[in-house]
Amino acid sequence: MSEERCCVCGATGDLNLCSGCQSVYYCGAECQAKDWPNHKVFCKKRQKEIAQQMAQAQAPQTVAWTAVTPKHAAPSSSAESSTAATRASMIIGLVQT
Ligand SMILES: [Zn+2]
Ligand SMILES: [Zn+2]
């Protein structure tokens, strides 16, 4: 099942995933240090892609909830909609902070 190999020496077994990009494996710190001058360009690019993907995944959700949230939450009109509004503002607060 595990087909992972150290991307420097090809060793299998006890490997560490690059903590920066989570894309390549190393058998140890020695191989990671050896490969770093070559890998850092890819690693930083990949980190940026991961950050962008996460931002994109969060963005539409925030917009949808903002559109749904009423400007003035009426407390006594409908229990169902006020619960939804409270939940929405809680989620917005979490995303924005
Ligand atoms: Zn290695
Ligand atoms: Zn990396």
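Remember, it's a predicted structure, so these values are computed and weren't measured experimentally.

### Some details on the overall build of the chain
Line of reasoning, step 1. Along the chain, the regular secondary structure elements total two helices and two strands.
Line of reasoning, step 2. Going from the N terminus to the C terminus, the chain shows its helices and strands as β-β-α-α.
Line of reasoning, step 3. Counting over 97 residues, the chain shows a buried share of 6%.
Line of reasoning, step 4. Within the chain, contacts between residues at least 6 apart in sequence are counted, and of these 25% link residues at least 24 apart.

### What about unusual backbone geometry?
Line of reasoning, step 1. Unlike most non-glycine residues, Gln-22 shows phi in positive territory, near 55°.
Line of reasoning, step 2. Assignment of secondary structure puts Gln-22 in the loop between strand 1 (16-17) and strand 2 (25-26).

### Some thoughts on the confidence of the model for the chain
Line of reasoning, step 1. Scored by pLDDT, the chain comes out at a mean of 81, with 62% of its residues at no less than 70.
Line of reasoning, step 2. When the elements of the chain are averaged for pLDDT, helix 2 (residues 79-96) gives the smallest value, 64, and strand 2 the largest, 96.

### Focus on the environment of Val-8
Line of reasoning, step 1. Structurally, Val-8 can be placed in the segment before strand 1.
Line of reasoning, step 2. Judged by C-beta crowding, with 19 C-beta atoms within 10 Å, Val-8 ranks as partly exposed.
Line of reasoning, step 3. Between the C-alpha atoms of Val-8 and Glu-30, which are 22 residues apart in sequence, the distance is 9.8 Å.
Line of reasoning, step 4. Apart from the residues within four sequence positions on either side, Val-8 is in contact with Tyr-26, Cys-31, Lys-34 and Asp-35.

### Comments concerning the environment of Val-24
Line of reasoning, step 1. Considering the arrangement of structural elements, one finds Val-24 in the loop between strand 1 and strand 2.
Line of reasoning, step 2. Judged by local crowding, Val-24 falls into the buried class, with 21 C-beta atoms found within 10 Å.
Line of reasoning, step 3. When the C-alpha positions of Val-24 and Arg-5 are compared, they lie 8.5 Å apart, and in sequence the two are 19 residues distant.
Line of reasoning, step 4. Those residues in contact with Val-24 that lie beyond four places of it in its chain are Cys-7, Cys-18 and His-39.

The rules behind these values
Residues numbered from 1 in each chain as written. Chains lettered and ligands numbered in written order. Predicted model: local features only at pLDDT ≥ 70, side-chain atom pairs only at ≥ 80, totals over all residues. Helix = DSSP H or I, 4+ residues; strand = E, 2+ residues; numbered from the N terminus. Buried ≥ 20, exposed ≤ 12 C-beta atoms within 10 Å, placed from the backbone. Contact = placed C-beta atoms within 7 Å. pLDDT = per-residue confidence, 0-100.

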